[in-house]
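Survey of secondary and tertiary structure
Given next are the chains, with one letter for each unit.
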Amino acid sequence: KQEVTQIPAALSVPEGENLVLNCSFTDSAIYNLQWFRQDPGKGLTSLLLIQSSQREQTSGRLNASLDKSSGRSTLYIAASQPGDSATYLCAVAGGTSYGKLTFGQGTILTVHP
Amino acid sequence: KAGVTQTPRYLIKTRGQQVTLSCSPISGHRSVSWYQQTPGQGLQFLFEYFSETQRNKGNFPGRFSGRQFSNSRSEMNVSTLELGDSALYLCASSLAGDVGEKLFFGSGTQLSVL
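Attention in this report is confined to the structure presented alongside it. (Residues numbered from 1 in each chain as written. Chains lettered and ligands numbered in written order. Predicted model: local features only at pLDDT ≥ 70, side-chain atom pairs only at ≥ 80, totals over all residues. Heavy atoms only, no water.)

1. Considering the overall build of chain B
From N to C terminus, chain B includes zero helices and 11 strands. What you see in chain B, going N to C, is helices and strands ordered as β-β-β-β-β-β-β-β-β-β-β. The C-alpha radius of gyration of chain B comes to 13 Å, within 12% of the 13 Å expected for a compact globule of 114 residues. Intrachain contacts of chain B at a sequence separation of at least 6 include 54% that bridge at least 24 residues. With an accessible surface of roughly 5,200 Å², chain B has 48% of that area assigned to carbon and sulfur atoms. One way to put it: in chain B the 11 positive side-chain charges average out to a point 5 Å from where the 7 negative ones average out. (Helix = DSSP H or I, 4+ residues; strand = E, 2+ residues; numbered from the N terminus. Rg over C-alpha atoms; globule rule 2.2 N^0.38 Å. Contact = heavy atoms within 4.5 Å. Areas by Shrake-Rupley, 256 points an atom, 1.4 Å probe, with all protein chains shown as cover. Lys, Arg positive; Asp, Glu negative; His and termini not counted. Charge placed at Lys NZ, Arg CZ, Asp CG, Glu CD.)

Shown next as structure tokens:
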């Protein structure tokens, strides 16, 4: 059974800092890994999707890496801003599970001015 | 292009009642998945529908059911509501329903059971 763990559970940083969020998964037989952002009481916004054959993906100030063999992914956020404050979730898709993503518990990020 | 639309946005019910939630996928998307999100358990997969057929199901009791219509719109139903069913229910759609395909999520329905 796939299990996804995110560290840290919460992170508070001053504006402008670079930061790293961590995600680990127990079963390396994945199709892809996705990072999402969730604002309080809202749905999920996809940030980056990394296919199992890829090592990293970049979008603006965000960079996500994937090491499938070790079961780890990191989300790097450069020059953080107060608007980045949200919960960040990683999720993996694997096997023959149509429509099923296995999510971590998330990292609550607070960027203070 | 409109995103995934979920209605209603908020819902308050009492124990023992039943509830129906609706999800309209992105136009052209044929697969719809449902998730339950609670503070304690996080996001958990409920089920997935493609071309009106349930192809995958999570580990939830039979009180949770769903269906998909020919226009790909989906509904989920929870019967005999319990306090623990209070959660944010999210649906997601994808174009072809392939494993690992990118999912697009709606804003969710916040269900409170009193």
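Once you've had a look at it, read on.
2. Details of the state of the cysteines
Tallied over the entire structure, the rule returns two disulfides over all chains. Between the sulfur atoms of Cys23(A) and its disulfide partner Cys90(A) the distance amounts to 1.9 Å. The chirality of the disulfide connecting Cys23(A) with Cys90(A) is right-handed, given an S-S dihedral of about 70 degrees. Linking Cys23(A) in strand 3 (residues 19-25) with Cys90(A) in strand 9 (residues 86-94), this pair joins segments that are 67 residues apart in sequence. Taken individually, Cys23(A) and Cys90(A) each receive the classification buried, so the pair is uniform in this respect. Cys23(B) shares a disulfide with Cys91(B); S-S distance 1.8 Å. (Disulfide = S-S within 2.5 Å. Buried < 20%, exposed > 50% of the residue type's maximum accessible area, 1.4 Å probe, protein only.)

3. Structural notes on the pattern of salt bridges
Counted by the stated rule, this structure contains seven salt bridges over all chains. With a closest N to O distance of 2.8 Å, Arg61(A) and Asp84(A) form a salt bridge. Placement of the pair is Arg61(A) in the loop between strand 6 (56-59) and strand 7 (62-67) and Asp84(A) in the loop between strand 8 (72-77) and strand 9, with a sequence separation of 23 residues. Classification of Arg61(A) by relative accessible area gives partly exposed; the value is 30%. The partner of Glu48(B) in a salt bridge is Arg55(B), with the nearest N and O atoms 2.7 Å apart. Taking relative accessible area as the criterion, Glu48(B) reaches 0% and is therefore assigned buried. Put simply, Arg63(B), Glu82(B) and Asp85(B) are held in one network by salt bridges that share partners. (Salt bridge = Lys/Arg side-chain N within 4 Å of Asp/Glu carboxyl O.)

4. Things to note about the interface of chain A and chain B
Taken together, the contact pairs 23 residues of chain A with 22 residues of chain B. On the surface where chain A and chain B come into contact, there are zero salt bridges. On inspection of chain A and its partner chain B, the count reaches seven residue pairs in polar contact (both at pLDDT 80 or more). Secondary-structure elements contributing two or more residues to the side of chain A that touches chain B are strand 4 (30-38), strand 5 (44-51) and strand 9 of chain A. (Polar contact = N/O pair within 3.5 Å; in protein donor to acceptor, adjacent residues only side chain to side chain.)

5. Re the pairing of strand 7 of chain A
Residues and elements named next belong to chain A. In this sheet, strand 7 lies alongside strand 6 in antiparallel orientation, the contact comprising four bridges. For Ser 59, the partnering residue across the bridge sits in strand 7 and is Leu 62. Hairpin connection between strand 6 and strand 7: a loop of two residues separates the two successive antiparallel strands, and Gly 60 in this loop has a positive phi of roughly 60 degrees. In this antiparallel pair of consecutive strands, strand 7 and strand 8, the connection spans four residues, and Gly 71 shows a positive phi of 70 degrees. (Pairing = 2+ DSSP bridges.)

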